[in-house]
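The lines below spell out each chain.
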Amino acid sequence: MTVVQLPPRSTQRETTSKLKDIILARKVARAISATGYAWLDTIDVHAQDGVVTLSGEVHSLFLREAARDAAQNVPDVYTTECQLRIV
């Protein structure tokens, strides 16, 4: 598990926003994992203010689209930036 350390001068609002981003990224990662495609478990998921970025490598256009679709269907995701490379 990765622990995110907040800067010492974080306001409650900033802290709440960062926590929401972490929760959203985890929800997206779970949704991608739930597709059942083991190759997708290696991609990175980052969220900021409802914008989800997927990065890493996949082995086909099909897997890239499966990950993007799974992410886009998670509640509170406004847009998905798919930076997955096909190798």
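Refer to the structure printed above.
This text gives an overview of the structure that appears in the document. Numbers given for residues are sequential positions, taken from 1 along each chain in its written order. Reporting in this predicted model follows two pLDDT cut-offs: at least 70 for local features of residues, and 80 or more for side-chain atom pairs to be given and counted; totals over whole chains, interfaces and linings ignore these cut-offs and use all residues. To get the side-chain values, take all heavy atoms of the structure and skip hydrogens and water.

## As for the pattern of salt bridges
To keep it simple, the criterion reads: The term salt bridge refers to a side-chain nitrogen of Lys or Arg lying within 4 Å of a carboxyl oxygen of Asp or Glu. Helix and strand assignments come from DSSP, with helices taken as H or I runs of at least 4 residues and strands as E runs of at least 2, each series counted from the N terminus.
This model, assessed by the stated rule, comprises 3 salt bridges. For Glu65, the salt bridge identified is with Arg68, shortest N-O distance 2.9 Å. One end of the pair, Glu65, and the other, Arg68, are both in helix H2 (residues 61-72), 3 residues apart, so they sit about a helical turn from each other. Taken together, the salt bridges that share partners define one network made up of Glu65, Arg68 and Asp69.

## Description of the sheet that holds strand E2 (residues 51-58)
This is how it is decided: Here, any two strands with at least 2 DSSP bridges between them count as paired. Lines fitted to C-alpha atoms define the axes, with helix axes restricted to the stretch in contact, and inter-axis angles between N-to-C directions lie between 0 and 180 degrees. Contact definition: two residues touch when any of their heavy atoms are within 4.5 Å.
Here we have 3 strands laid out as an open sheet, ordered E1-E2-E3, and mixed in their pairing. On the outer flanks of this sheet lie strand E1 (44-48) and strand E3 (79-86), each paired with one strand and no other. Ignoring strand direction, the axes of neighbouring strands in this sheet form an average angle of 10°. Of the pairings in the sheet, the one linking E1 to E2 comprises 5 bridges and is antiparallel in character. By the bridge assignment for E2, Ala47 is matched with Val52. This element, helix H1 (residues 12-33), spans E1 and E2 of the sheet and lies at about 145° to E1.

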